[in-house]
There are 2 protein chains.
Amino acid sequence: MNNKTYFSGCSISMHQCRCFDTLTENEKKLVEKNSVSISYKKGEVICKRGSFASHVMYLESGLAKVYIEDGVNTLVLKILPEKNLLGLASVSDDFKTFEYSVMAYIDSEILQIDIGTFKKLLVQNPVFAKEVIDIQNANSVQIYGRFFCLTHKQSFGRLADILLCLSDRIFKKDEFELPLSRKELAELSGLSSETVIRMLKVFRQDSLIGIEGKMFKLLDREKMKQISETG
Amino acid sequence: MNNKTYFSGCSISMHQCRCFDTLTENEKKLVEKNSVSISYKKGEVICKRGSFASHVMYLESGLAKVYIEDGVNTLVLKILPEKNLLGLASVSDDFKTFEYSVMAYIDSEILQIDIGTFKKLLVQNPVFAKEVIDIQNANSVQIYGRFFCLTHKQSFGRLADILLCLSDRIFKKDEFELPLSRKELAELSGLSSETVIRMLKVFRQDSLIGIEGKMFKLLDREKMKQISETG
DNA sequence: TTGAGTTACTGATCTGGATCAGTTTGATTT
DNA sequence: AAATCAAACTGATCCAGATCAGTAACTCAA
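Nothing here was measured: the structure is a model prediction, and the numbers come from that model.

A. Inspection of the overall build of chain A at higher detail. Along its length, chain A carries 7 helices and 11 strands. Computed over its C-alpha atoms, the radius of gyration of chain A comes to 19 Å, within 12% of the 17 Å expected for a compact globule of 231 residues. Projected onto its principal axes, the C-alpha coordinates of chain A cover approximately 60 × 45 × 35 Å. Counting over 231 residues, chain A shows a buried share of 55%. Considering only contacts in chain A between residues 6 or more positions apart, those separated by 24 or more positions represent 74%. Accessible surface, chain A as shown: approximately 10,100 Å² in total, 50% of it carbon and sulfur. Distance between charge centres in chain A, computed from 32 positive and 30 negative side chains, equals 3 Å.

B. Examining the packing of helix H2 (residues 115-124) of chain A against helix H3 (residues 126-152) of chain A more closely. All names here are of chain A. Across the interface, H2 lies against H3 with an axial gap of 5 Å and an inter-helix angle of 110°. Taken as axis vectors, H2 and H3 run roughly perpendicular relative to one another. Each of Phe118, Leu121, Leu122 and Gln124 in H2 lies in contact with H3, whose residues at this interface are Pro126, Phe128, Ala129 and Val132. Classifying every residue of the contact of H2 with H3 by side-chain character gives 7 nonpolar, 1 polar and no charged.

C. Quick peek at the packing of aromatic side chains. Under the definition given, this model contains 17 aromatic pairs over all chains. Arranged with centres 6.0 Å apart and planes meeting at 50°, the rings of Tyr144(A) and Tyr100(B) form a pair that is tilted. Residue Tyr144(A) is located in helix H3, and its partner Tyr100(B) is located in the loop between strand S5 (84-86) and strand S6 (101-114); the two belong to separate chains. Ring geometry for Phe171(A) and Phe176(A): centres 4.7 Å apart, planes at 5°, overall stacked.

D. Structural context of the protein's contact with DNA strand C. Looking at DNA strand C, there are 15 residues lining it, with Arg182(A), Arg198(A), Gln154(B), Ser155(B) and Thr195(B) nearest. Within 4 Å of the protein, the contacting atoms of DNA strand C are 61% sugar and phosphate, with bases supplying the remainder. Measuring from a phosphate oxygen of DNA strand C, one finds a side-chain N or O atom of Ser155(B) at 2.5 Å. Between DNA strand C and the protein, one listed contact pairs a phosphate oxygen with a side-chain N or O atom of Ser192(B) at 3.0 Å. At the level of secondary structure, the elements contributing two or more residues to the surface near DNA strand C comprise helix H6 (193-205) of chain A together with helix H6 (193-205) of chain B. Among the elements that line the surface near DNA strand C, the one with the most residues is H6(A), at 4 residues. A class-by-class count of the residues in the surface near DNA strand C yields 2 nonpolar, 6 polar and 7 charged.

E. Spatial organisation of helix H7 (residues 221-230) of chain A. All names here are of chain A. Listed in full, the buried residues belonging to H7 are Met224, Ile227 and Ser228. All buried residues of H7 lie within an arc of 95° about the axis, which places them on one face of the element. Facing away from the buried side of H7 by more than 90 degrees, the exposed set consists of Glu222, Gln226 and Thr230. The inward-facing, buried residues of H7 contact helix H4 (155-171), H6, strand S10 (209-212) and strand S11 (215-218).

F. Structural context of unusual backbone geometry. Even without being a glycine, Ser207(A) presents a positive backbone phi close to 60°. Examined against the element boundaries, Ser207(A) turns out to sit in the loop between H6 and S10. Given the relative accessible area of 44%, Ser207(A) is considered partly exposed. With phi around 55°, Lys172(B) is a residue other than glycine that occupies positive phi space.

G. Structural view of the protein's contact with DNA strand D. The environment of DNA strand D is formed by 15 residues, the closest being Gln154(A), Ser155(A), Thr195(A), Arg182(B) and Arg198(B). By atom count, sugar and phosphate contribute 61% of the portion of DNA strand D lying within 4 Å of the protein. Within the side chain of Thr195(A), one N or O atom sits 2.5 Å away from a phosphate oxygen of DNA strand D. Taking Arg198(A), its side chain carries an N or O atom lying 3.0 Å from a base oxygen of DNA strand D. Residue assignment for the surface near DNA strand D shows that the elements contributing at least two residues are H6 of chain A together with H6 of chain B. The element contributing the most residues to the surface near DNA strand D is H6(B), with 4 residues.

H. The arrangement of the relation of the copies chain B and chain A in detail. Aligned on chain A, chain B shows an RMSD of 0.0 Å; the corresponding rotation is 180° and the shift along the axis is 0.0 Å. On this basis, the relationship between the two copies can be described by a two-fold rotation axis. Residue Pro126(B) of chain B places its C-alpha closer to the rotation axis than any other residue of that unit, at 2.7 Å. A high fraction, 100%, of the interface residues of chain B reappear at the interface in chain A, so the copies pair face to face through one surface.

I. Structural context of the side chain of Ser189(A). All names here are of chain A. Checked against the element boundaries, Ser189 lands in helix H5 (residues 182-189). When its relative accessible area of 0% is taken as the criterion, Ser189 is described as buried. Non-local contacts of Ser189, meaning those with residues more than four positions away in its chain, are made with Leu150, Arg158, Leu159, Ile162 and Val196.

J. Expanded view of the sheet that holds strand S3 (residues 55-61) of chain A. Residue and element names in this part refer to chain A. Spatially, S1-S8-S3-S6 is the arrangement adopted by the 4 strands of the open sheet, whose pairing is antiparallel. Looking at strand neighbours, the two that pair on one side only are strand S1 (35-40) and strand S6 (84-86), the edges of this open sheet. Adjacent strand axes in the sheet meet at a mean angle of 30°, parallel and antiparallel pairs treated alike. Pairing of S1 with strand S8 (residues 108-114) involves 6 bridges; the strand directions are antiparallel. Within S8, the position partnered with Tyr40 by the bridge is Ser108. On top of the sheet, H2 reaches S3, S6 and S8; it is set at about 65° to S8, its chief contact.

Rules of the game
- Residues numbered from 1 in each chain as written.
- Chains lettered and ligands numbered in written order.
- Predicted model: local features only at pLDDT ≥ 70, side-chain atom pairs only at ≥ 80, totals over all residues.
- Heavy atoms only, no water.
- Helix = DSSP H or I, 4+ residues; strand = E, 2+ residues; numbered from the N terminus.
- Rg over C-alpha atoms; globule rule 2.2 N^0.38 Å.
- Buried < 20%, exposed > 50% of the residue type's maximum accessible area, 1.4 Å probe, protein only.
- Contact = heavy atoms within 4.5 Å.
- Areas by Shrake-Rupley, 256 points an atom, 1.4 Å probe, with all protein chains shown as cover.
- Lys, Arg positive; Asp, Glu negative; His and termini not counted.
- Charge placed at Lys NZ, Arg CZ, Asp CG, Glu CD.
- Axes fitted to C-alpha atoms, helices over the stretch in contact; angles between N-to-C directions.
- Parallel < 35°, antiparallel > 145°, perpendicular 65-115°, else oblique.
- Nonpolar A, V, L, I, M, F, W, Y, C, P; charged D, E, K, R; others polar.
- Phe/Tyr/Trp six-rings, centres within 6.5 Å; stacked < 30°, edge-to-face > 60°.
- Near = heavy atom within 4 Å.
- Polar contact = N/O pair within 3.5 Å; in protein donor to acceptor, adjacent residues only side chain to side chain.
- Arc of directions from axis to C-beta.
- Least-squares fit on C-alpha atoms with pLDDT ≥ 70 in both.
- Pairing = 2+ DSSP bridges.

Right, here's the structure in full:
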């Protein structure tokens, strides 16, 4: 009876945004007419928590972090891969402002969709609305896992988790160049950068990973998985 | 420039569930016909994370905790006051099972609504769907705040936060009888029960609160607020 | 190629809160 | 009223990870 349930702190949504597929041709045109596309460079802030939300956003390409901060600490809620919606809370009249901040990890392309148009579609196309609910749900469940991970796992488990997650869900191979600084990696795992650096060293010494600068290589996936589950 | 943003770890949704108001008479009857009401005693498990979800739930009366656990640790996602929906994720086909567990803090009445019926309403009544989206949003935003609180505030801030929250949102007065054990209060604030007990002692010594067994009385709300913001 | 700034890394120290090992209190049963 | 058991509380100790105070390496600009 020692089968602990496993929660992934993985902060990357796997949900494929299908909601636009449910629109009619006319509706698609309506969206096109009422949206603009904007480019962001690596490190640029895409939206600030608390600022007026006149649009829903869609990450067409790139990679972004969704986070909240209080001036001292930053909490990364999730990593957002391309083809995902952002700022959905603003469709509720209760939230006139963005509920979180978003920053581009790498150069990214954002589609801003007028909130009025989006709301109109929600009410006029129930299947679309249903898809949006699905997105919200996937989102919640993922946040629950991450919440558990950051509050109840300890450092090695968290870091192993994040590394596996990045490899599996973003880069889709064992070797990848990580576009994040050590500090960003630390903030993602809810640790100090010093701690992360020390831990990476241990992982390397134990031949779990190979690191050269920003190049990461998973050498022992099996053991890594085990650490992420038990640690 | 030292105005830190304040996140409440308050785990109690203030959202009033309005979604049923949007239904027509016929739809209301449909819901009534396809739902059952069940009583739970204090401490009873209302649903288990991972079990099949054939229904959405509505807490008619009582008070419950929504949580996830891995066999060792428990994370309380939120406290659920009466008149709130539960287990919404199961309306998504991706989630056939409950995404969290629920336990009654006090004797509670639960309405189980057939999932098929609920889904049907979602697709047939867009205003209803919109209300459900609003509920999801309120939920997410609240969890974000709690997430931040439990990961970045320290013990005194967290406990002050929870106490204020219970007083404000559940009991709606400064003096109340808390139906939770010290251990449950601890788990709610992400601390060990020993730590919570010690902290309560400090609060009492500083005349911030009065405690006698399960009776709590907030004596210095102002200072309490301050601790919850800075600590 | 020098210097200025940022990021990576290392070592030494500190500490918040957990853990462990009790005692006391209170509720419930017999 | 004695016995039992869980919850409340206390004190002593420990440790994971933060923090501080550096050095080293790696940009990038002039």
